[in-house]
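A look at the structure
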Amino acid sequence: MNNHLALSVLVAVTLFVPSLAGAQYYSDYGWYRAPAITPSGPPDIVFPVQGGASFTDDFGDSRSGGRVHEGNDLMAPKMTPVVAARGGRVVFAPTTEPSYGYMLSIAGDDGYEYNYLHINNDTPETDDGNGGPQYAYAPGIASGTQVTQGQHIAWVGDSGNAEATGSHLHFEIRLPDDSAIDPYQYLNAALKRYAYDVAAAKAASPTIDSDKGLVAAPTTVLFCVPGLLIRTPTNQSVYYCGSDGKRYVFPNANTYATWYKDFSTVQTIAPEDMAKIQLGGNVTYRPGVRLVKIQTDPKVYAVDRDGTLRWLPSEALAVKYYGSSWPKSLDDIPDVFFINYKVGDTVTN
Ligand SMILES: [Zn+2]
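Of regular secondary structure, the chain possesses seven helices and 21 strands. Looking at the chain as a whole, 41% of its 349 residues qualify as buried. Taking the contacts inside the chain whose residues are at least 6 apart along the sequence as the reference set, 69% of them involve residues at least 24 apart.

Right under this line is the structure:
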């Protein structure tokens, strides 16, 4: 970032964003008293730019006038969603664009203050500077809003003097005394935390037992031999016998195919024996094998342990993990089976 940018960012923050801890704080919606929370550990954050961003450790870089850069610049395209690195309360979100651009300040529930600068000020697809708050902040985000970690709060832009340098998010973490700390290591930790690796995901779940974390129930008489695949002569459904003695049904052939090559090891048992075995639930996709989407949701997800879906927010990420022919690895999960899955952290790198 050039010197003008950093200088002006620093001035903006020091002039307009006083310490939040325990302070009366003015916003468009009135005065708040931010709770004085003493941080009890290092910032535990998610990456504030959805899909990641390129950045260097530019904290403390010297700027003109003897100033230093008090955050990290996260380079990303305009209108990339900005998410709350940490949950907390929005304490500053000007609805009239200040000279330093749109920004958000959040008093984190961990005692740190998180600042997001150069938020979008343009009508999408333009550089007109007339976007207004509706293209700066996510719907419902305003001073006073309580946000959760990872919640969409704003869009990346080039407001303020980022107009000259390209769109990016200037991200800051501040202590209760308002001094800035270098966010670099916490941003890197956030990226690692949400890393996804196909081979690792698959290796972590060699069996349905391990995928679901099923453990043996020693006091139960088992009608279902753990690890066995079973069916009845009259019904097409195939079940997996879990370590817990319960049977888990494969909801469709696609799910089955992520775990087994064929049906050669499926054993047929009598319907009355099947009836003695308690149903445990549905088998979900084996992690790291296929990409999935929901029929009524265009997002593409990678699969992690125990039916945890992790959104791949860009095609580049789908290509990275499943190659340029990734659409061939993509299955539709019928909406009725979506209840078997949970949406986890977004994949960011
Ligand atoms: Zn900056």
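In this section: the sheet that holds strand 14 (residues 247-249). The sheet built from five strands is open, its strands ordered 15-12-13-14-16 with mixed pairing. Two strands close off the open sheet at either side, each with one partner strand: strand 15 (266-268) and strand 16 (279-282). Neighbour-to-neighbour, the strand axes of the sheet open up by a mean angle of 35°, direction not taken into account. Pairing of strand 12 (residues 229-232) with strand 15, which is carried by three bridges, proceeds in the parallel orientation. Counterpart to Arg231 in the pairing with strand 15 is Thr268.

Moving on, we come to helix 7 (residues 315-322). Buried residues of helix 7: Leu317, Ala318 and Tyr322, and no others. The buried residues of helix 7 occupy an angular sector of 105° when projected down its axis, which confines them to one face. Elements in contact with the buried residues of helix 7: strand 17 (291-294) and strand 18 (297-304). Backbone geometry just downstream of helix 7 places Gly323 in the positive-phi region, at approximately 80°.

The next thing to look at is the sheet that holds strand 21 (residues 342-343). Taken in spatial order, the five strands line up as 20-17-18-19-21 in an open sheet, and their pairing is mixed. Pairing within the sheet leaves two strands with one partner each, and these edge strands are strand 20 (330-333) and strand 21. The pairing of strand 17 with strand 18 spans three bridges and is antiparallel. Pairing of Ile294 across the sheet is with Asp297, part of strand 18.

Looking now at the environment of Lys192. Mapping Lys192 onto the fold places it in helix 2 (residues 184-193). Looking at Lys192, the number of C-beta atoms within 10 Å reads 10, which means it is exposed. Note: C-alpha distance between Lys192 and Thr348 (156 residues apart in sequence) is 8.8 Å.

You can see Asp44 is positioned in the loop between strand 2 (30-33) and strand 3 (72-75). The partly exposed category is assigned to Asp44, around which 15 C-beta atoms lie within 10 Å. Taking C-alpha positions, Asp44 is 9.2 Å from Leu187, a pair spaced 143 residues apart along the chain.

Let us look at the nonpolar core. Core analysis: the biggest nonpolar cluster contains 41 residues, and Val82, Leu104, Tyr116, Ile119, Ile153, Ala154 and Leu169 have the highest contact counts within it. Per-element tally for this core: the top contributor is strand 6 (residues 102-108), with five residues. Excluding anything up to four places from it in sequence, Ile153 contacts Val82, Val83, Ala84, Leu104, Tyr137, Ala138, Ile141 and Val147. Grouped together as the second largest cluster of nonpolar side chains are 18 residues, Val300, Leu309, Ile333 and Phe337 included.

Okay, unusual backbone geometry next. Residue His118 is not a glycine yet carries a positive backbone phi of 70°. Summarising the element assignment, His118 is placed in strand 7 (residues 113-119). One non-glycine residue, Asp306, adopts positive backbone phi at about 55°. Counting through the fold element by element, Asp306 comes out in the loop between strand 18 and strand 19 (308-311).

The next thing to look at is the pairing of strand 12. Taken together, the three bridges between strand 12 and strand 13 (residues 235-241) define a ladder with antiparallel strand orientation. The residue of strand 13 that forms the bridge with Thr232 is Asn235. Counted between consecutive antiparallel strands, the loop separating strand 12 from strand 13 contains two residues.

Attention shifts here to the confidence of the model for the chain. Within the chain, residue pLDDT values average 85, and 87% of them lie at 70 or more. A low-confidence stretch, residues 1-23 stays under pLDDT 50, and its non-local contacts, those more than four residues away or across chains, total 52 contacts. With pLDDT under 50 throughout, residues 26-31 is counted as low confidence; its partners more than four residues away or in other chains account for 15 contacts.

Let us now look at the environment of Ala275. Topologically, Ala275 is positioned in helix 6 (residues 271-275). Judged by C-beta crowding, with 10 C-beta atoms within 10 Å, Ala275 ranks as exposed. Separated by 52 residues in the primary sequence, Ala275 and Phe223 place their C-alpha atoms 9.6 Å from one another.

Conventions we followed
Residues numbered from 1 in each chain as written. Predicted model: local features only at pLDDT ≥ 70, side-chain atom pairs only at ≥ 80, totals over all residues. Helix = DSSP H or I, 4+ residues; strand = E, 2+ residues; numbered from the N terminus. Buried ≥ 20, exposed ≤ 12 C-beta atoms within 10 Å, placed from the backbone. Contact = placed C-beta atoms within 7 Å. Pairing = 2+ DSSP bridges. Axes fitted to C-alpha atoms, helices over the stretch in contact; angles between N-to-C directions. Arc of directions from axis to C-beta. Core = buried A, V, L, I, M, F, W, Y, C linked by C-beta atoms within 7 Å. pLDDT = per-residue confidence, 0-100.

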